[in-house]
Amino acid sequence: MSGMIKKAIFPAAGLGTRFLPATKASPKEMMPIVDKPMIQYGVEEALACNIQEFIIITGKHKRSIEDHFDSTFELEDKLRKSGKKELLEEINRLNKFSIAYIRQGKALGLGHAILCAKPFVKDEPFAVILSDDIIGSEDTLLKDMIKLYKEVKSPVLALQKVPRSEIHRYGVIDGLKESKGVYKIRDLIEKPLAKDAPSDLAIIGRYILTPDIFDILEKLKPGKGREIQLTDAIRKLLKKRPVYGFLFEGKRYDAGDKLGYLKATVDLALKNPELSSKFRSYILNISKSLKET
Ligand code: G1P
């Protein structure tokens, strides 16, 4: 098994019910945050780690994801003729790498989505990116996880401390701190009630996994919400090999949630060179009027 992480799986077959009706006929992953669809942030994060092969697990109404990462002759021709070089380069960047699309068919859970990628991953370690979780571009979470993977040669899960009131929305770990930011996982449980949560360390949407997870997923029975849960598969994997957690202390937006989506939009617009100055004045203005009311 090589130590390099060359492939990333993007589960994107979910129904996006939290964003209905916006997601009735178009994918949540294509909802824009400023000027890029949500999924593109995760793809760029992986490209920055030299990952060049992508496996996107799709379902119904997800065609536009495929179109987004494909070449568009008419558009490129128009941009070329009108001398819009920078936009052309930006658009061209999106079809420079290899992407395989797999239809999940039925939304049977995150674990099942990962299992669908088995024929493409074969015998290599790989990354999993949940594109709802947007990581600030100045943070190096995935890079740091890959670095840790190269040392431990075992799965690495991204962790973040979350308030007790939110813990029921996540997979939660029980772990032993090994060194700064690194935990050896003792147990993990999918979406526990706050009173049953073993810690406040939640699993967030970045994983480095090893291919032995597939054999477990193949035999796994549905868990929480009657879905095949990745957390349950990793729990079984723990009996065979160590699994590590990497504590992320940077900025994460849960863009799968309306408030998180809005926060991501505001923060990223404030960082956007084209928008920041005008948008900042606007925000300052409305915050003044909000104080007055
Ligand atoms: C999934 C996982 C959960 C994890 C979360 C991170 O849940 O099942 O363990 O904590 O992603 O975003 P979902 O958000 O798909 O319900």
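Scroll up for the structure.
Residues numbered from 1 in each chain as written. Predicted model: local features only at pLDDT ≥ 70, side-chain atom pairs only at ≥ 80, totals over all residues. Heavy atoms only, no water.

Enquirer: Any chance you could explain the packing of helix α3 (residues 73–81) against helix α4 (residues 85–93) here in plain terms?
Expert: For any two helices packed against each other, one specifies the inter-axial angle together with the distance between the axes. Contact geometry for α3 and α4: axes closest at 9 Å, N-to-C directions at 155 degrees. The angle between α3 and α4 falls in the class roughly antiparallel. Note that α3 runs across α4; the crossing there is left-handed. Contact with α3, carried on its side by Leu-75, Glu-76, Leu-79 and Arg-80, involves Leu-87, Leu-88, Ile-91 and Asn-92 of α4 and no other residues of that element. Taken together, the residues of the contact of α3 with α4 sort by class into 5 nonpolar, 1 polar and 2 charged. (Axes fitted to C-alpha atoms, helices over the stretch in contact; angles between N-to-C directions. Helix = DSSP H or I, 4+ residues; strand = E, 2+ residues; numbered from the N terminus. Parallel < 35°, antiparallel > 145°, perpendicular 65-115°, else oblique. Left-handed = near helix turned anticlockwise from the far one by under 90°. Contact = heavy atoms within 4.5 Å. Nonpolar A, V, L, I, M, F, W, Y, C, P; charged D, E, K, R; others polar.)

Enquirer: Would you mind going over the nonpolar core with me for this structure?
Expert: Most often, soluble globular proteins keep nonpolar side chains buried together rather than apart. Counting 38 residues, the largest nonpolar core has Ile-51, Leu-142 and Ile-208 as the members making the most contacts within it. Among the secondary structure elements, those contributing two or more residues to this core are β1 (7–11), α1 (38–47), β4 (53–58), β6 (126–129), α7 (141–152), β8 (156–161), β11 (201–209) and β12 (244–247). Per-element accounting of this core gives the leading share, 6 residues, to α7. Core analysis: the next-biggest nonpolar cluster, separate from the first, contains 35 residues, Ala-113, Val-121, Val-128 and Tyr-183 among them. (Core = buried A, V, L, I, M, F, W, Y, C linked by side-chain atoms within 4.5 Å. Buried < 20%, exposed > 50% of the residue type's maximum accessible area, 1.4 Å probe, protein only.)

Enquirer: Would you explain the site of the ligand in this entry?
Expert: In the vicinity of the ligand there are 13 residues, among which Gly-171, Glu-190, Lys-191, Ile-203 and Thr-231 approach most closely. Between the ligand and Asp-133 there is a distance of 3.3 Å, counted from an oxygen atom to a side-chain nitrogen or oxygen. Separating an oxygen atom of the ligand from a side-chain N or O atom of Glu-190 is a distance of 2.6 Å. Per-element tally for the shell around the ligand: the top contributor is β11, with 4 residues. Each residue belonging to the shell around the ligand can be placed in one class, and the counts come to 6 nonpolar, 4 polar and 3 charged. (Near = heavy atom within 4 Å. Polar contact = N/O pair within 3.5 Å; in protein donor to acceptor, adjacent residues only side chain to side chain.)

Enquirer: Just to check I follow, could you spell out the environment of Pro-198 for this structure?
Expert: Inspection of the secondary structure puts Pro-198 in the loop between β10 (182–190) and β11. A relative accessible area of 38% means that Pro-198 is categorised as partly exposed. Distance from Pro-198 to Asp-174, taken between C-alpha atoms, is 5.4 Å for residues 24 residues apart in sequence. Aside from chain neighbours lying at most four places away, what touches Pro-198 is Val-172, Ile-173, Asp-174 and Ile-189.

Enquirer: It is not clear to me how unusual backbone geometry should be interpreted in this structure. Could you clarify?
Expert: Most peptide bonds take the trans form, and the phi angle of most residues other than glycine is negative. Following Leu-20, the chain continues into Pro-21 via a peptide bond in cis, with omega recorded as 5 degrees. Within the secondary structure, Pro-21 sits in the loop between β1 and β2 (32–33). For Val-34, which is not glycine, the phi torsion reads 60 degrees and is therefore positive. Within the fold, Val-34 resides in the loop between β2 and β3 (36–37).

Enquirer: Which parts of the structure should I look at to understand α7?
Expert: Structurally, the α-helix is built with 3.6 residues per turn, so residues lying three or four positions apart point the same way. With 12 residues, α7 extends 16 Å from end C-alpha to end C-alpha; this agrees with the ideal 16 Å at 1.5 Å per step. Of the positions making up α7, those classed as buried are Leu-141, Leu-142, Met-145, Ile-146, Leu-148 and Tyr-149. The buried side chains of α7 occupy one side of the element, clustering within an arc of 165 degrees when seen end-on. Away from the buried face of α7 by more than 90 degrees, exposed residues Lys-147 and Glu-151 are located. Immediately downstream of α7, the backbone of Lys-153 shows phi near 50 degrees, a positive value. (Expected span 1.5 Å × (residues − 1). Arc of directions from axis to C-beta.)

Enquirer: What am I meant to see in the pairing of β8 here?
Expert: Remember that side chains alternate between the two faces of the sheet whenever the strand is regular. Most of β8 sits out of view: 5 of its 6 residues are buried. Both β8 and β11 contribute to a ladder of 5 bridges, which runs antiparallel. Its bridge partner lying in β11, Val-156 is registered against Ile-208. Of the pairings in the sheet, the one linking β8 to β12 comprises 4 bridges and is parallel in character. Its bridge partner lying in β12, Ala-158 is registered against Phe-246. (Pairing = 2+ DSSP bridges.)

Enquirer: Would you mind going over helix α9 (residues 230–237) with me for this structure?
Expert: Buried within α9 are the following residues: Leu-230, Thr-231, Ala-233, Ile-234 and Leu-237. Along the axis of α9, the buried positions cluster into a sector of 160 degrees, meaning they face one direction only. The secondary structure elements touched by the buried residues of α9 are α5 (110–116), β8, β9 (171–179), β10, β11 and α8 (213–219).

Enquirer: What is the right way to look at the packing of aromatic side chains in this model?
Expert: The geometry of an aromatic ring pair is captured by the separation of the ring centres together with the interplanar angle, meaning the angle of the planes. Within the structure shown, the criterion is met by 4 aromatic pairs. Ring geometry for Phe-126 and Phe-214: centres 5.4 Å apart, planes at 10 degrees, overall stacked. Of this pair, Phe-126 sits in strand β6 while Phe-214 sits in helix α8, and the two are 88 residues apart along the sequence. Classification of Phe-126 as buried rests on a relative accessible area of 0%. When the centroid spacing of 6.4 Å and the interplanar angle of 25 degrees are considered together, the rings of Phe-279 and Tyr-282 count as stacked. Taken together, the residues span about one helical turn, with Phe-279 and Tyr-282 both in helix α11 (residues 276–292) at a distance of 3 residues. Under the relative-accessibility criterion, Tyr-282 is labelled partly exposed at 46%. (Phe/Tyr/Trp six-rings, centres within 6.5 Å; stacked < 30°, edge-to-face > 60°.)

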